[in-house]
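Survey of secondary and tertiary structure
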Amino acid sequence: MANLIKRENRDVTRRPSPEHRLDPFRMMDALIDRLADELENVGSDAEQLSANIFHQKMEERRIPAKRLTALLTRIGRTQSLLTKIRYSAVSTIRMLSFLSGATRFQENEVNGFRNPRAQIARFAERFGIPVCTSFRRAHLFDPLHPNYAGDLGLGANAKLVARVKASDLVIAAGARLNELTSQGYTLFDIPVPQMKLVHAYPGAEELGRVYRPHLAIHATPSAFAAALDGLQPRRAPLPVDAAHREYLDWSEKALPQPGAVNLSEIMVWLRGHLPADAILSNGAGNYSAWIHRFFRFRRFNTQMATVCGFMGYGVPAAVAMKALFPERKVLALAGDGDFLMTGQEFATAMQYRLPIIVLVFDNAILGTIRMHQEREYPGRVSATDLVNPDFAAMARAFGGFGATVEKTAEFAPAFRAAEESGLPALLHIKFDAEGITPSTTLSAIRSKSLNS
Ligand SMILES: Cc1ncc(C[n+]2csc(CCOP(=O)(O)OP(=O)(O)O)c2C)c(N)n1
Ligand SMILES: [Mg+2]
């Protein structure tokens, strides 16, 4: 203990390094003025606009990136930096924004007076900006809000991808611009994006890592949302109906699918049947493409899925969420391969009497990997077939409810029976592996690769 105190004391009395003597306020003012000037010209084709203030400043002052972003954070906290930005030209934007950092939004903030989700929605409404969500963060913006433009993750709407590419300005609020959000690094030019990019993120290491933003803001999503709340546009908001209509057209109706079970019909039924606060968790696999496209996460903290996309997350996450929120409906959605990794946690649900409902989507293959095999090495299948147990019988053997679904029409009654059982429940949904994504088939992928 004595040693600890001594070390702390030494830290406090340490002489400031030369970096500490920089005037962060003056630096920030200069950055903001430059940004404001550039924003005034957004939409014009002046090439010099692509100058990157953040990196240029760092180079001029020889400041390491981490140090500068730390300074910016401090300023952001003390003087609400965004209120200083003259945002007049934002009304010429055709596209904004990814939202992410879900775990950084606190439940009490979201339900209380200071509601970051609502602050961002109000900002988008005032300026007339379409908003999209990043991979597995769909619950951060109401999909039926008139500004919602869709989910920019795996299997994104091609019209949305084109819309983002053609934007004048993208404000990435709390999203990591990683492989998934950047659509395999095809969305933005590297290292300097073709449009203005403002990137707000709570981790200094992410800012400027791949893409050089015109303005990097080291801030939590909540602080950023609060700052946006103070901004007022100078012009009338742009219409956003086209972007929202594209989202609705893409997600509204179930699509045809080979075989007797149609996953988009199941998702459309679930979104009508489940209460808005129902929690859905999932792992990784192609089955999740139907969730991303057709399910609607209407409330905060309803989507539990990992942004790094690992398998086996769904069932344990559902057990945990049901323990935390016993009054809410909690579903785990899992592929067959996915379920086989951690499905034994069904025993934990039994042990603690947590009536989760597990949907196992069984196509008897590791679908995602088979899809890549057919795309890259058509016809050369390797180690992606699965021999599955009777999952419904397995759930019953654990002491829970189990039923098998082999036709779409069997799903709704089986789901209701699962709910009425009051037990941890599992629906074993057998579907045709040929329907590999909502929009294509395995054989179509194979023949396209063979013919190319
Ligand atoms: C822990 C882990 N291992 C491996 C992977 C790579 N991976 C991604 S999807 C997938 C197959 C998923 O198969 P399944 O759960 O049956 O879903 P499907 O694609 O058939 O719908 C694999 C192996 C991963 N994401 N996470
Ligand atoms: Mg599978």
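As a starting point, this report considers the structure included with it. (Residues numbered from 1 in each chain as written. Chains lettered and ligands numbered in written order. Predicted model: local features only at pLDDT ≥ 70, side-chain atom pairs only at ≥ 80, totals over all residues.)

Below, the discussion takes up the packing of helix H10 (residues 263-273) against helix H17 (residues 408-421). Packing of H10 against H17 brings their axes to within 9 Å, and their N-to-C directions diverge by 30°. It follows from the interaxial angle that H10 and H17 lie roughly parallel. Handedness of the H10/H17 crossing: right-handed. Residues Glu-265, Ile-266 and Trp-269 of H10 touch H17, and the partners they reach there are Thr-408, Phe-411 and Ala-412. (Axes fitted to C-alpha atoms, helices over the stretch in contact; angles between N-to-C directions. Helix = DSSP H or I, 4+ residues; strand = E, 2+ residues; numbered from the N terminus. Parallel < 35°, antiparallel > 145°, perpendicular 65-115°, else oblique. Left-handed = near helix turned anticlockwise from the far one by under 90°. Contact = placed C-beta atoms within 7 Å.)

Next up on the list: helix H15 (residues 367-376). Residues Gly-367, Thr-368, Arg-370, Met-371, Gln-373 and Glu-374 constitute the buried set of H15. Looking at the buried side of H15, the elements it contacts are strand S9 (330-335) and helix H18 (442-450). (Buried ≥ 20, exposed ≤ 12 C-beta atoms within 10 Å, placed from the backbone.)

For the rest of this paragraph, the subject is the packing of H15 against H18. Between two packed helices, the angle of one axis relative to the other and the distance separating the axes together describe the packing. At a closest axis distance of 7 Å, the pairing of H15 and H18 adopts a crossing angle of 25°. The orientation of H15 relative to H18 falls into the category roughly parallel. Contact with H15, carried on its side by Arg-370, Met-371, Glu-374 and Arg-375, involves Leu-442, Ile-445, Arg-446 and Ser-449 of H18 and no other residues of that element. In the contact of H15 with H18, the residues fall into three nonpolar, one polar and four charged. (Nonpolar A, V, L, I, M, F, W, Y, C, P; charged D, E, K, R; others polar.)

The next point concerns the environment of Val-360. Following the sequence through the fold, Val-360 ends up in strand S10 (residues 357-362). Residue classification places Val-360 among the buried positions, given that 29 C-beta atoms sit within 10 Å. The spatial distance from the C-alpha of Val-360 to the C-alpha of Leu-427 is 6.2 Å, given a sequence separation of 67 residues. Apart from the residues within four sequence positions on either side, Val-360 is in contact with Ala-334, Asp-336, Phe-339, Phe-391, Leu-426, His-428 and Ile-429.

The next subject is the nonpolar core. With 55 residues, the main nonpolar core has Leu-331 and Val-358 as its most contacted residues. Discounting residues that sit within four places of it in the chain, Leu-331 has contacts with Ala-278, Leu-280, Ala-318, Ile-356, Ile-357 and Leu-359. With 44 residues, the next largest nonpolar core counts Ala-121, Ala-124, Ala-173 and Leu-177 among its residues. (Core = buried A, V, L, I, M, F, W, Y, C linked by C-beta atoms within 7 Å.)

Side chains Leu-215 and Ile-217 project from strand S6 (residues 215-218) onto one buried face, and the interleaved Ala-216 and His-218 project onto a second face that is buried too. With four bridges joining them, strand S5 (residues 196-201) and S6 adopt parallel strand pairing. Bridge pairing in S6 places Tyr-201 opposite His-218. (Pairing = 2+ DSSP bridges.)

This brings us to the site of ligand 1. Lining the immediate environment of ligand 1, one finds 19 residues, of which Gly-285, Gly-335, Gly-337, Asp-338 and Gly-367 sit closest. Those elements giving two or more residues to the shell around ligand 1 turn out to be helix H13 (336-342) and H15. A per-class count over the shell around ligand 1 returns eight nonpolar, nine polar and two charged. (Near = placed C-beta within 6 Å.)

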